[in-house]
Amino acid sequence: MNTQSTIELEQLNHWIDGASVPASGDYMEITNPMTGAPGLLVAKGGASEVDSAVQAAARAAKGWRNMVAAERGRLMLAMARKIRDNADMLAEMERADTGKPMAGARAEIEGSAAYFEFYGSLVYLPTGELLDVAPDQHVFTKREPYGIVGVITPWNLPMNQAARAVAPALVAGNVVVCKPSEITSRTTIAMAEMATEVGFPDGVINVVLGTGETVGEAIVSHAQIRKVAFTGSVGVGRAIGHIAAERIIPLTLELGGKSANIVFEDADLDVAAAEAVKGFTLNAGQVCSAGTRLLVQRSIYDTFMEKVVAETQKVTPGESLGPLITPAQFKRVQEYFGVAQQDGAKCLTGGDVAKVPDHEDGFYVQPTVYGDVSNDMRIAQEEIFGPVLVAIPFDDADDAIRITNDSDYGLIGTLWTRDVSRALRVADEINVGQVFVNVWNTMSVQTPFGGHKNSGYGREKGIDAIHHYSHVKSVSVKI
Ligand code: NAD
């Protein structure tokens, strides 16, 4: 494998038409979040690199779309194997960019392999129907790819989120132009490079590096890009939504969350407390599906919060808790500590930066729990994207449903109760894309994933995702 994307190297280049392409202009300096020191130099692309990538993709599109399904599936499975064979190296790269603990990085890489494996195994899915409209007329439908799909991804689970969109897009017969977050570009480049190594034709996967304003907007605006899968913030999702509306192209928008974790008095409180802490500290809280609003039935509120605080205090910054990604994110989370204080929330643990030995300049904060929060406080309504949990007491199921739905977001809802009827009723009535009962985050590649309200629309993962990367044509034949 070409070593230009390994962690020792200083400059990261674009990957276009099956080859590494140096920046035509500047490189951006990226800071290492564990040390606060300069990390990597990343090519700063623009509209002309996007156009080169689109032209390469256009040249590859017909051959890829017409490749027999079995061959396409074999390449997908070869890619899954390649990712697994290089899992240590890829996890090191992810860790170098994000600072996340190794276990999290490894899980993310395994998830990336699983996307290629899962979608590679779906190449034989029937793609159409035969409709019985009249004795002398046959109508059949078929699913067709959009052509060139833009894939724009954030920094929190970089390779995983790229693979999550790229794998179904390819299996549906599309070719892709990707733009990873400028902060975490390494593994998306490695993914494209590995695809070339296992035999994907040049131009099927292209990656253009750079900022959202230059490369991201150029992708969404490019006349030959017919669909965009975006994962990121609500603000940027809305901005690209305007461009997509002008161009009349479909989007998948996977945006933020402020997900409720609802604990009823009959739950197994020890398990629920341990999982609640995982739910807001995983990836230092920088996960769209983090369970950051803890709704606790009033009758068990004090007992349960003692357990949550004890579990939280076992989470150690620099060991089981990684840093925040950038100086800006570090500052933003500290600002929320101030907002919580002003709003009158009670800090039960944490609420400050964390000093990690040997990483004094790293962007670490303490895992933090606020109690006695009311759902109208800013810390209960806004996505903080750090390891910050807000606890809100509730009276009964209707109250829990009301509080859960009193949010601009609607990504995840988690319930802890032994009462199956209550669980199913609450699951029906909360406005979220995914519900977990007595478990937090069982999402597999098979489970469709996506949001309600400001958390976005469209679905990634599962068989559903393939349908978001293809559209239906009907063919009517008079016989
Ligand atoms: P972001 O919106 O700032 O950036 C996401 C991507 O969009 C990056 O590649 C960025 O460079 C690009 N971008 C920025 N401005 C752009 C523009 N004007 N046009 C086109 N592209 C542009 O998000 P982030 O800070 O990288 O990630 C954190 C956010 O992502 C959080 O809100 C989180 O909840 C969300 N997220 C959602 C999911 C999900 O599946 N629902 C998963 C992970 C993260």
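Just so you know, these numbers come straight off a predicted model, no measurement behind them. (Residues numbered from 1 in each chain as written. Predicted model: local features only at pLDDT ≥ 70, side-chain atom pairs only at ≥ 80, totals over all residues. Heavy atoms only, no water.)

## Overview of the overall build of the protein
Each helix and strand counted, the protein has 15 helices and 23 strands in total. In terms of overall dimensions, the protein is globule-like: its C-alpha atoms have a radius of gyration of 23 Å, near the 23 Å expected for 479 residues. Expressed as a percentage of the 479 residues in the protein, the buried residues total 58%. About 18,800 Å² of surface is accessible on the protein, with carbon and sulfur atoms providing 51% of the total. Both charge centroids of the protein, one from 41 positive and one from 58 negative side chains, sit 5 Å from each other. (Helix = DSSP H or I, 4+ residues; strand = E, 2+ residues; numbered from the N terminus. Rg over C-alpha atoms; globule rule 2.2 N^0.38 Å. Buried < 20%, exposed > 50% of the residue type's maximum accessible area, 1.4 Å probe, protein only. Areas by Shrake-Rupley, 256 points an atom, 1.4 Å probe, with all protein chains shown as cover. Lys, Arg positive; Asp, Glu negative; His and termini not counted. Charge placed at Lys NZ, Arg CZ, Asp CG, Glu CD.)

## Regarding helix α14 (residues 420-429)
Inspection of α14 places Arg 422, Ala 423 and Val 426 among the buried residues, and these make up the whole buried set. The buried residues of α14 occupy an angular sector of 100 degrees when projected down its axis, which confines them to one face. Exposed residues lying more than 90 degrees from the buried face of α14 are Val 420, Ser 421, Leu 424 and Asp 428. Looking at the buried residues of α14, the elements they touch are β13 (260-263), β14 (293-297), α13 (397-405), β19 (412-416) and β20 (434-437). If you check the start of α14, you find a side-chain oxygen 3.1 Å away from the backbone N of Ser 421, and it comes from Asp 419. (Arc of directions from axis to C-beta. Contact = heavy atoms within 4.5 Å. Polar contact = N/O pair within 3.5 Å; in protein donor to acceptor, adjacent residues only side chain to side chain.)

## A short note on the domain arrangement of the protein
Each assigned domain of the protein is listed here: domain 1 (11-255 + 456-478) and domain 2 (260-444). Taking only C-alpha atoms into account, the centre of domain 1 sits 31 Å from that of domain 2. Taken together, the contacts link 20 residues of domain 1 with 24 residues of domain 2. Taken together, domain 1 and domain 2 are joined by 0 salt bridges. Between domain 1 and domain 2 we count 4 residue pairs in polar contact (both at pLDDT 80 or more) in total. Grouping the amino acids of the side of domain 1 that touches domain 2 by side-chain chemistry returns 8 nonpolar, 8 polar and 4 charged. (Domains from an automatic or database assignment. Salt bridge = Lys/Arg side-chain N within 4 Å of Asp/Glu carboxyl O. Nonpolar A, V, L, I, M, F, W, Y, C, P; charged D, E, K, R; others polar.)

## Topic: the sheet that holds strand β6 (residues 130-134)
Judged by pairing direction, the sheet is antiparallel, and its 3 strands sit side by side in the order β6-β7-β23 without closing on themselves. Across the chains shown, the open sheet's two edge strands, defined by having one partner strand only, are β6 and β23 (470-478). Mean inter-strand twist for the sheet, computed between neighbouring axes without regard to direction, equals 25 degrees. Both β6 and strand β7 (residues 137-145) contribute to a ladder of 3 bridges, which runs antiparallel. (Pairing = 2+ DSSP bridges. Axes fitted to C-alpha atoms, helices over the stretch in contact; angles between N-to-C directions.)

## Structural notes on the packing of helix α7 (residues 212-221) against helix α8 (residues 234-247)
Where α7 contacts α8, the two axes come as close as 9 Å, and the packing angle between them is 25 degrees. In this view, α7 runs roughly parallel relative to α8, as classed from their interaxial angle. For α7 against α8, the interelement crossing comes out right-handed. Residue-level inspection shows Glu 217, Val 220 and Ser 221 of α7 in contact with α8, the latter providing Ile 240, Ile 243, Ala 244 and Arg 247. (Parallel < 35°, antiparallel > 145°, perpendicular 65-115°, else oblique. Left-handed = near helix turned anticlockwise from the far one by under 90°.)

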